[in-house]
Amino acid sequence: MTTKKKEKKINASGSATNAGIDYQQRVGAWFLVSQYTDFNINKTIDIDSDLFIESVHFETTDYVDDIRIDCKEVLIYCQVKRRVSTLSSSSNSDFNKSMKQFVTSFINEYSLNNIYVLITTSESTTKIKKDLKKILTSVRLNDTKFQNNPLNKSEENTFKTFRTQFFHLYREILGTETDEVTFIKFCKQVYVSIIDLEEGSSNINAALMLLKSKNFPNPELIWKLLISNCLTFAAKRQSVNKTYVDGLLNQFSSTSDKKADEDINSNFSCGKDIILIESFVEEADFLIVELFRFDDIGLPKQSYRDNKLVIDGKDEITEWNVIFRSSTTSAMMRYLDENMILYENKKIVTLAAHPDIEYVEDLPHVIAYKEKHKVILSENIRKWECLHCGMSISSEEAYLVEIDEFGFKHSLGPIHKDCHRNLDRVLGITGLKEPLTKSKLKNFDYKKWISLIIKGQGQITAIKNMHFGNRKPIISYNFEREINEGAYCIRVSHEDKTFSYLYSGHEIERYDKDEGEHMLEHLNSELTNSIRLKDPIYSTSINYNRDRYSELVKQKKTNEKLIKVTRYDLIKYSAMLSKINETIEQDYAPVCLLYDKKSQELIDFSNIIPIITDPLKFDGFYENWTQAGFELDECELKIIDNDKDFGLNLLRFFEKGQKVIIDPEFDLGKNIINGFPIVKQQELIEQKQQESKTQEFKSVNNPIFLKGDKVKIVFPDLQQEKFPEGVLLEDEMENEEGQRFVVFQPVENGVNLDLMYSLPSKLLEKI
């Protein structure tokens, strides 16, 4: 039984706010950028399989009506809500409206190829962006035992609400009850995607980077144009396919959309070779020779190796030294024009083949050869990566070539002009309509970078977002962090019935049983002491950073709450825990190392290795470096795509005695003024220990606190029923930074405890 498909769009959202409308158009623009640049959106949706967009449909007549994205084997139905504040089952709630559309489509148009995505921002309730997202991921990973995964109180309530709404809506829409199997099928097709698109967000930066990779002189203007156009598309309920968006944007690009001077993708020449060789006759310096490639049954008539054409004869082998090879005469003439200075005083003689060569492209075996290989050419053009160096082709003219040299994998596709080899069979050349603004960054692989950055740089992003005042931050790298094995992990329980885990970077920290029990004992001792001192351990509500309340309250973001830690437990580790709790895949990667484009040597600045975390800012860095006095030519950024390789590179640099600084900037004296130095964690610990031994303390004039004073500890912003009390062992002092502190001995029930602490004076009050 099915309900009647609606004939026209139902306005289920009422009068949306301007912010909501703007967000929906921004989401549409993000998908159009992905479509235009052939960017795989699987990371955006959190699906393992490839998702390349074929068409985007706005304000559709489908049951799920905001945006539909058609990929090759998947239809993605999107409900776009900038902020979902509750999981309410009220008919007016955004969540219930989205659920109703998902369930209606699921009932009436069920297909394994349908995906339902609630797209929202990090402003939405945690029950949506964390709890529900985690539950749905857990179901997809294991649809029979997902409920065995530990759920905290909030997640349990979210799951119950979600399940109840599904059964209620199913009954309301179809008039009959359903079962648990159907509910699980539904869960496996529902996704929650968090896409923040405020100015300066990582997703907008990714969109601008994708547009920059297509040679738009001002990608910001193209982004605004797409947002504006999406409003028009939505008002007219239009759909946009690849051809349309290409035509829309190509007119603003500084490239000809990487098209050659003829339709090479489907009409490239296969049947003949035009080669420029060193002359074997006295009357000429060079020869241009026209050759049939295949015999009458389609076998190659000659082969190519070591910059030579090789013809195996019955009695002898003929070899010619090849300088340039092409598929057409026009490509050969272009090469000679571009290199006129090399040949202007040389005599070049042309040796033409039999006149029948003009019809060689019509021969059955040549047509069959072309049909077989044009798929390879089309796929490699889509990737737009150099066949030789593997780097993206972003800002220069490029050859389209066929590689059939002995010892090389046969392929067809683009290469950088600088990567051209004598035996590459040139099919054509891409051209620029007008000169680009000269960037010093060459051949950067933007697509690879963006696919990695979506779930990368976890630690680096956290460090950049911290406030250090006038202090210069230092990143300490623990080289033992790569080893994370063991059958146990530690779960952290919170006062609000939620829980998290101890992490090593982005991974759940794992221990063997003895290590785990030792760590558990330490943590529980720390927890007990913090409670006794009335400075308990708390966690932040978003990233679950843990610390004493007095420290954490200074570090938390404005949109974070502090949640009290109540206990720690040692539990069995499961890979499922990582998958359903994973939001970041790499703590440091992707980052880039800087190389000279011509020499391919790693660049350093007076023994300082620069590591770049944002390629969009490269030209600004380059300008700073040259103004500071470092001599640089055109550069390449090579991507380190995983944390393991990041650590190996650091180890290599440290062993050579080199310093490593993230995003360094210098003054005119070549002194570091901005950046994040990276040091070995153990060396930093030893340095701090040594500093603490040699640090000078001095008494202060007119101290407020004196030796023997009885005091209590008062923490700001913390409601206290009882204050830790104690006695001071020395007069108030100050350290080298001018900060005042005291040496405090706690007192309980009139007894001085065998403990002492160094405390800031500002936390004390006299009794």
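Residues numbered from 1 in each chain as written. Predicted model: local features only at pLDDT ≥ 70, side-chain atom pairs only at ≥ 80, totals over all residues. Heavy atoms only, no water.

Engineer: I tried to follow the environment of Cys-386 on my own but got confused; where do I start?
Structural biologist: For Cys-386, the location among the structural elements is in the loop between α13 (364-383) and β14 (398-403). The class for Cys-386 is buried, based on a relative accessible area of 3%. Ignoring any residue separated from it by four or fewer positions in sequence, one finds Cys-386 in contact with Met-391, Ile-393, Pro-414, Ile-415, His-416 and Cys-419. (Helix = DSSP H or I, 4+ residues; strand = E, 2+ residues; numbered from the N terminus. Buried < 20%, exposed > 50% of the residue type's maximum accessible area, 1.4 Å probe, protein only. Contact = heavy atoms within 4.5 Å.)

Engineer: Would you mind going over the pairing of strand β12 (residues 317-326) with me for this structure?
Structural biologist: The two faces of the sheet receive side chains in turn, since in a regular strand these alternate between them. Alignment of strand β8 (residues 272-278) against β12, held across 4 bridges, turns out to be antiparallel. What sits directly across from Leu-276, in β12, is Phe-324. Alignment of strand β11 (residues 308-312) against β12, held across 5 bridges, turns out to be antiparallel. From the neighbouring strand, Asp-312 faces β12, where its bridge partner is Ile-317. The antiparallel hairpin formed by β11 and β12 contains 4 residues in its connecting segment. (Pairing = 2+ DSSP bridges.)

Engineer: Mind showing me how you'd approach the packing of aromatic side chains here?
Structural biologist: Any pair of aromatic rings gets described here by the distance separating the centres and the angle formed by the planes. Enumeration according to the criterion identifies 33 aromatic pairs in this entry. Ring centres of Phe-618 and Tyr-622 lie 6.1 Å apart, and the angle between their planes is 50°; on these two criteria the pair is classed as tilted. Within this pair, Phe-618 and its partner Tyr-622 are both found in helix α19 (residues 618-627), separated by 4 residues, close to a single helical turn. By relative accessible area, Phe-618 is classed as buried at 0%. Take Tyr-622: its relative accessible area is 8%, and that puts it in the buried class. Here a set of aromatic residues connected by ring pairs shows up, and it is made of Phe-106, Tyr-110, Phe-159, Phe-162, Phe-166, Phe-167, Tyr-170, Phe-183 and Phe-186. Above the face of the Tyr-110 ring, Lys-185 is positioned so that its terminal group lies 4.5 Å from the ring centre. In this structure, Lys-214 packs its charged tip against the face of Tyr-36, placed 5.4 Å from the ring centre. (Phe/Tyr/Trp six-rings, centres within 6.5 Å; stacked < 30°, edge-to-face > 60°. Lys NZ or Arg CZ within 6 Å of the ring centre and 35° of its normal.)

Engineer: Would you mind going over a negative patch on the surface with me for this structure?
Structural biologist: Taken together, the side chains of Asp-512, Asp-514, Glu-515 and Glu-517 present a region of like negative charge at the surface. Looking at the element boundaries, Glu-517 is found in helix α16 (residues 513-532). (Patch = residues over 30% accessible without salt bridge, like charges linked within 9 Å, V, L, I, M, F, W, Y side chains within 5 Å. Areas by Shrake-Rupley, 256 points an atom, 1.4 Å probe, with all protein chains shown as cover. Salt bridge = Lys/Arg side-chain N within 4 Å of Asp/Glu carboxyl O. Lys, Arg positive; Asp, Glu negative; His and termini not counted. Charge placed at Lys NZ, Arg CZ, Asp CG, Glu CD.)

Engineer: Got a minute to help me understand the nonpolar core in this structure?
Structural biologist: A general feature of soluble globular proteins is that nonpolar side chains tend to end up buried together. Counting residues in each nonpolar core, the largest one holds 70 residues, and the members touching the most others are Phe-31, Ile-76, Trp-223 and Trp-625. A total of 8 residues in this core trace back to one element, the largest contributor, which is helix α1 (residues 18-36). Leaving out residues up to four positions away in the same chain, Trp-625 has contacts with Leu-594, Phe-605, Ile-612, Phe-618, Phe-630, Leu-632, Pro-664 and Phe-666. Listed in part, the 32 residues of the second largest apolar core include Ile-323, Met-332, Val-366 and Val-401. (Core = buried A, V, L, I, M, F, W, Y, C linked by side-chain atoms within 4.5 Å.)

Engineer: What should I look at first to understand the sheet that holds strand β26 (residues 608-612) in this one?
Structural biologist: Strand-to-strand pairing in sheets goes through backbone hydrogen bonds, with the strands running parallel or antiparallel. Ordered in space as β17-β29-β28-β26-β25-β27, the 6 strands form an open sheet in which the pairing is mixed. Each having just a single partner strand, β17 (475-477) and β27 (635-640) make up the two edges of the open sheet. Neighbour-to-neighbour, the strand axes of the sheet open up by a mean angle of 40°, direction not taken into account. The strands that helix α14 (residues 446-453) touches are β25 (591-596), β26 and β27; relative to β27, the one it contacts most, it runs at about 35°. (Axes fitted to C-alpha atoms, helices over the stretch in contact; angles between N-to-C directions.)

Engineer: Explain the packing of helix α3 (residues 94-108) against helix α6 (residues 180-187) here, please?
Structural biologist: Between two packed helices, both the angle of their axes relative to each other and the distance between the axes serve to describe the pair. Contact geometry for α3 and α6: axes closest at 11 Å, N-to-C directions at 110°. Accordingly, the angle class assigned to the pair α3 and α6 is roughly perpendicular. Handedness of the crossing formed by α3 with α6: right-handed. Contacts between α3 and α6 involve Met-99, Phe-102, Val-103 and Phe-106 on the former and, on the latter, Thr-182, Lys-185 and Phe-186. For the contact of α3 with α6, the class distribution of residues is 5 nonpolar, 1 polar and 1 charged. (Parallel < 35°, antiparallel > 145°, perpendicular 65-115°, else oblique. Left-handed = near helix turned anticlockwise from the far one by under 90°. Nonpolar A, V, L, I, M, F, W, Y, C, P; charged D, E, K, R; others polar.)

Engineer: Explain the sheet that holds strand β18 (residues 488-494) to me, please; I cannot follow it from the model alone.
Structural biologist: Spatially, 5 strands are ordered β19-β18-β24-β22-β23 in an open sheet, and the strand pairing comes out antiparallel. Single-partner strands in this sheet number two, and they are β19 (499-501) and β23 (546-548). Averaged over neighbouring strand pairs, the angle between their axes works out to 45° when direction is ignored. The sheet contact formed by β18 and strand β24 (residues 562-572) spans 7 bridges and is antiparallel. Directly across from His-494, in β24, lies its bridge partner Val-565. Across the sheet, α16 is in contact with β18, β22 (537-540), β23 and β24; its angle to β24 comes to roughly 155°.

Engineer: Can you walk me through a nonpolar patch on the surface in this structure?
Structural biologist: A cluster of nonpolar side chains, Phe-280, Val-281 and Leu-351, forms an exposed patch at the surface whose accessible area comes to about 240 Å². Relative to the elements of secondary structure, Leu-351 occurs in strand β13 (residues 348-351). Given the relative accessible area of 34%, Leu-351 is considered partly exposed.

Engineer: What am I meant to see in the confidence of the model for the protein here?
Structural biologist: Residues at a pLDDT of 70 or more form 84% of the protein, whose mean pLDDT is 83. Low pLDDT, under 50, characterises residues 431-437; the stretch is placed with 17 contacts to residues that sit more than four places away or in other chains. (pLDDT = per-residue confidence, 0-100.)

Engineer: Mind showing me how you'd approach the side chain of Ser-411 here?
Structural biologist: With respect to the helices, strands and loops of the structure, Ser-411 is situated in strand β15 (residues 411-416). Within polar-contact distance, the side chain of Ser-411 engages the side chain of Asn-380 at 3.2 Å. Apart from residues no more than four positions distant in its own chain, Ser-411 is found in contact with Ile-376, Asn-380, Leu-387, Val-401, Glu-402 and Ile-403. (Polar contact = N/O pair within 3.5 Å; in protein donor to acceptor, adjacent residues only side chain to side chain.)

Engineer: Would you explain α14 in this entry?
Structural biologist: In an α-helix, one turn spans 3.6 residues; hence positions three or four apart end up facing the same way. Looking only at α14, the buried set comprises Tyr-446, Trp-449 and Ile-450. Angular distribution of buried residues about the axis of α14 spans 95°; they occupy a single face of the element. Near the N-terminus of α14, the side chain that reaches the backbone nitrogen of Lys-448, with its oxygen 3.3 Å away, is that of Asp-445. (Arc of directions from axis to C-beta.)

Engineer: Is there a simple way to think about the pattern of salt bridges in this case?
Structural biologist: Pairs may arise between side chains of opposite charge once their charged atoms sit close together. Summed over all chains, the structure comprises 29 salt bridges. When the shortest N-O distance is used, the salt bridge between Arg-171 and Glu-177 registers 3.3 Å. With a relative accessible area of 35%, Arg-171 lands in the partly exposed category. Salt bridges linked by common partners bring Asp-273, Arg-293, Arg-325, Glu-402, Asp-404 and Arg-425 together as one network.

Engineer: I would appreciate a short explanation of the state of the cysteines in the present structure.
Structural biologist: A disulfide bridge is the covalent bond that connects two cysteines by way of their sulfur atoms. Scanning the entire structure with this criterion turns up 0 disulfides. We note that Cys-78 lacks a disulfide partner, and the nearest cysteine sulfur, in Cys-71, lies 9.4 Å from it. Between Cys-386, a cysteine without a disulfide, and Cys-389, which holds the nearest cysteine sulfur, the sulfur-to-sulfur distance is 3.8 Å. (Disulfide = S-S within 2.5 Å.)

Engineer: What's the story with the packing of helix α7 (residues 202-213) against α14 in this structure? I'm lost.
Structural biologist: Where α7 meets α14, the axes come as close as 9 Å, and the angle between the chain directions of the two elements is 170°. Taken as axis vectors, α7 and α14 run roughly antiparallel relative to one another. Residues Ala-206, Met-209, Leu-210, Lys-212 and Ser-213 of α7 form the contact with α14, whose participating residues are Tyr-446, Lys-447, Trp-449 and Ile-450. Classifying every residue of the contact of α7 with α14 by side-chain character gives 6 nonpolar, 1 polar and 2 charged.

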